[in-house]
Amino acid sequence: YCEAGKYQNAISASACTMCAANTTSSVGSTAVSACACILGYLGNGSVGCAACAPGKFLSRWTLVLQISPVQPGSFYYDSPLWSNDEILNAQYTNPVSGIDVKLPAYSTLPLNRVRMCVGTLDRCYELSVEADSAKNLFTGAFQRRADMDQ
């Protein structure tokens, strides 16, 4: 197995390959697609990541869910992923483009704020919420937010 930050691109390969600049991977990764940007960096983990603009990505956030704008996605309106404990692409613990992600924290981490980015990581909205978890927030009763004009 390869150590964190490396991957073995073929079962028969004897050497591990280092992930691109400013990326990392989980122990035992077997494909370049397992490389993801490290905290504070953004891009395609397979080719490298650049530093986020100052103040655009704050380390106090924990990624629990990421929905790719690419269609068809895993998180359609009545997808069971909203309400079950299934994990999706757990190797991506930092924002990465074009991939749906659902981490264990989705079902377990209490929330007091939610950060939603639309299209890009520089078009984000923050909301104060109180929920036992993102799972409970998204599967619970309807919540209307007058402060969002929606």
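Engineer: Any details on the side chain of Gln 66? Residues and values, ideally.
Structural biologist: Within the secondary structure, Gln 66 sits in strand E7 (residues 65-66). Only 2.9 Å separates the side chain of Gln 66 from the backbone oxygen of Ile 99, close enough to count as a polar contact. The residues touching Gln 66, leaving out its near neighbours within four places in the chain, are Phe 75, Pro 95, Val 96, Ile 99, Asp 100 and Val 101.

Engineer: Can you tell me about the nonpolar core, naming the residues and giving the values?
Structural biologist: One finds Val 64, Leu 65, Phe 75, Tyr 106 and Leu 111 to be the most contacted residues of the largest nonpolar core, which totals 15 residues. The set of elements that each furnish at least two residues to this core consists of helix H1 (105-108), strand E9 (111-117), strand E10 (124-131) and helix H2 (134-139). Residue contributions to this core peak at three residues, all from E10. When near neighbours in sequence (up to four residues on either side) are disregarded, Phe 75 contacts Leu 65, Gln 66, Ile 67, Leu 81, Trp 82, Leu 88, Asp 100, Val 101 and Lys 102. Among the nonpolar cores identified, the runner-up in size contains seven residues, and Ala 36, Tyr 92, Val 96 and Leu 103 belong to it.

Engineer: Give me the pattern of salt bridges: which residues, what numbers.
Structural biologist: Pairing is possible between side chains that carry opposite charge, provided their charged atoms lie close to one another. What the rule picks out here adds up to one salt bridge. Across the pair Lys 135 and Asp 85 runs a salt bridge, and its minimum N-O distance is 2.9 Å. Of the two residues, Lys 135 is situated in helix H2 and Asp 85 in the loop between E7 and strand E8 (101-102); the sequence distance between them amounts to 50 residues.

Engineer: Give me the lowdown on the packing of aromatic side chains, citing residues and values where you can.
Structural biologist: Taken as a whole and judged by the stated rule, the model has three aromatic pairs. Ring centres of Tyr 106 and Phe 138 lie 6.3 Å apart, and the angle between their planes is 10 degrees; on these two criteria the pair is classed as stacked. Taken as a pair, Tyr 106 in helix H1 and Phe 138 in helix H2 lie far apart in primary sequence, 32 residues in all. We classify Tyr 106 as buried; its relative accessible area is 0%. For Phe 138, a relative accessible area of 39% translates into the label partly exposed. One aromatic cluster is present, built from ring pairs that chain together Phe 75, Trp 82, Tyr 106 and Phe 138.

Engineer: Residues and numbers for the environment of Ala 51, please.
Structural biologist: As for its placement among the helices and strands, Ala 51 is situated in strand E6 (residues 48-51). Looking at Ala 51, the relative accessible area reads 55%, which means it is exposed. As for Ala 51 and Ile 38, which are separated by 13 residues in sequence, their C-alpha atoms are 9.4 Å apart. Beyond its immediate chain neighbours, meaning those up to four positions away, Ala 51 contacts Gly 40 and Tyr 41.

Thresholds, definitions, all that
- Residues numbered from 1 in each chain as written.
- Predicted model: local features only at pLDDT ≥ 70, side-chain atom pairs only at ≥ 80, totals over all residues.
- Heavy atoms only, no water.
- Helix = DSSP H or I, 4+ residues; strand = E, 2+ residues; numbered from the N terminus.
- Polar contact = N/O pair within 3.5 Å; in protein donor to acceptor, adjacent residues only side chain to side chain.
- Contact = heavy atoms within 4.5 Å.
- Core = buried A, V, L, I, M, F, W, Y, C linked by side-chain atoms within 4.5 Å.
- Buried < 20%, exposed > 50% of the residue type's maximum accessible area, 1.4 Å probe, protein only.
- Salt bridge = Lys/Arg side-chain N within 4 Å of Asp/Glu carboxyl O.
- Phe/Tyr/Trp six-rings, centres within 6.5 Å; stacked < 30°, edge-to-face > 60°.

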